[in-house]
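# Remarks on the overall topology
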Amino acid sequence: DSGVTQTPKHLITATGQRVTLRCSPRSGDLSVYWYQQSLDQGLQFLIQYYNGEERAKGNILERFSAQQFPDLHSELNLSSLELGDSALYFCASSVTIGFQSGNTIYFGEGSWLTVV
Amino acid sequence: AQKVTQAQTEISVVEKEDVTLDCVYETRDTTYYLFWYKQPPSGELVFLIRRNSFDEQNEISGRYSWNFQKSTSSFNFTITASQVVDSAVYFCALSEERYGGSQGNLIFGKGTKLSVKP
């Protein structure tokens, strides 16, 4: 158990709908990351927050947005869902940003999203 | 541009065989970080190891060992005396340090699916 908690674990929704994925980082971790794992694209970095502020952006679609709240939990909002958005969405966390000080990213168990 | 290549898509071995998973990376940075993660059939991503670019020392942890060679841009992972529980997809990942601080996000390879049969 990495200590990163994601809900829901499984979600089935229809095209055009909007869903919210929730993540609680490990205790003491200030940085949160979202990754998408799909069959065709593999594991892709979406976005990173550090202590409530957006820190880095990857291949995140405009239909997707995220935020990190004062209690450090994070939410990933996916809207106008398409069939191609079906994927495993991972949240990850780390103590700080960067890896200079031995920092490591730990992943949650993921949220399986199926769009039908 | 940064890139991670895991050329072996799938490997199948019989229990107790040794197996090496290859990872080749590309980066223009002189400071970077390499990782291996394991994804068992249940789906979670489990951290295995991280290595700094300035530390070429190989590492052994039980049946697992890692061979980091900057000269060939490789960070290979060997499982000795494989077991059925080692069956999983293994991912190699890279992160670069730039602009005075690391971006802190990972570039993953496509993964190698390891099947260990009894």
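Residues numbered from 1 in each chain as written. Chains lettered and ligands numbered in written order. Predicted model: local features only at pLDDT ≥ 70, side-chain atom pairs only at ≥ 80, totals over all residues. Heavy atoms only, no water.

## Comments concerning the pattern of salt bridges
Pairing between side chains of opposite charge can happen when the charged atoms of each approach one another. All names here are of chain A. A complete count under the given rule lists seven salt bridges over all chains for this structure. With a shortest N-O distance of 2.8 Å, Arg26 and Asp29 are connected by a salt bridge. One network of salt bridges, with partners in common, ties together Arg63, Glu82 and Asp85. (Salt bridge = Lys/Arg side-chain N within 4 Å of Asp/Glu carboxyl O.)

## A word on the side chain of A:Gln68
Residues and elements named next belong to chain A. Its location among the elements puts Gln68 in strand E7 (residues 64-68). At 3.2 Å, the side chain of Gln68 and the backbone oxygen of Leu30 are in polar contact. There is a polar contact of 3.2 Å between the side chain of Gln68 and the backbone oxygen of Leu72. The residues touching Gln68, leaving out its near neighbours within four places in the chain, are Leu30, Val32, Tyr49, Tyr50, Asn51, Gly52, Glu53, His73 and Ser74. (Helix = DSSP H or I, 4+ residues; strand = E, 2+ residues; numbered from the N terminus. Polar contact = N/O pair within 3.5 Å; in protein donor to acceptor, adjacent residues only side chain to side chain. Contact = heavy atoms within 4.5 Å.)

## A closer look at the interface of chain B and chain A
Opposite the 21 residues of chain B that make contact, chain A presents 23 residues. Each partner contributes to the roughly 1,700 Å² buried at the junction of chain B and chain A, and carbon and sulfur atoms together form 58% of this total. Linking chain B with chain A are zero salt bridges. Summed over the shared surface of chain B and chain A, the result is four residue pairs in polar contact (both at pLDDT 80 or more). Those elements that provide at least two residues to the side of chain B that touches chain A are strand E5 (32-39), strand E6 (46-52), strand E10 (88-98) and strand E11 (101-102) of chain B. Per-element accounting of the side of chain B that touches chain A gives the leading share, four residues, to E5(B). Within the side of chain B that touches chain A, the residues separate by chemical class into eight nonpolar, nine polar and four charged. (Buried area = accessible area lost by both parts, 1.4 Å probe. Nonpolar A, V, L, I, M, F, W, Y, C, P; charged D, E, K, R; others polar.)

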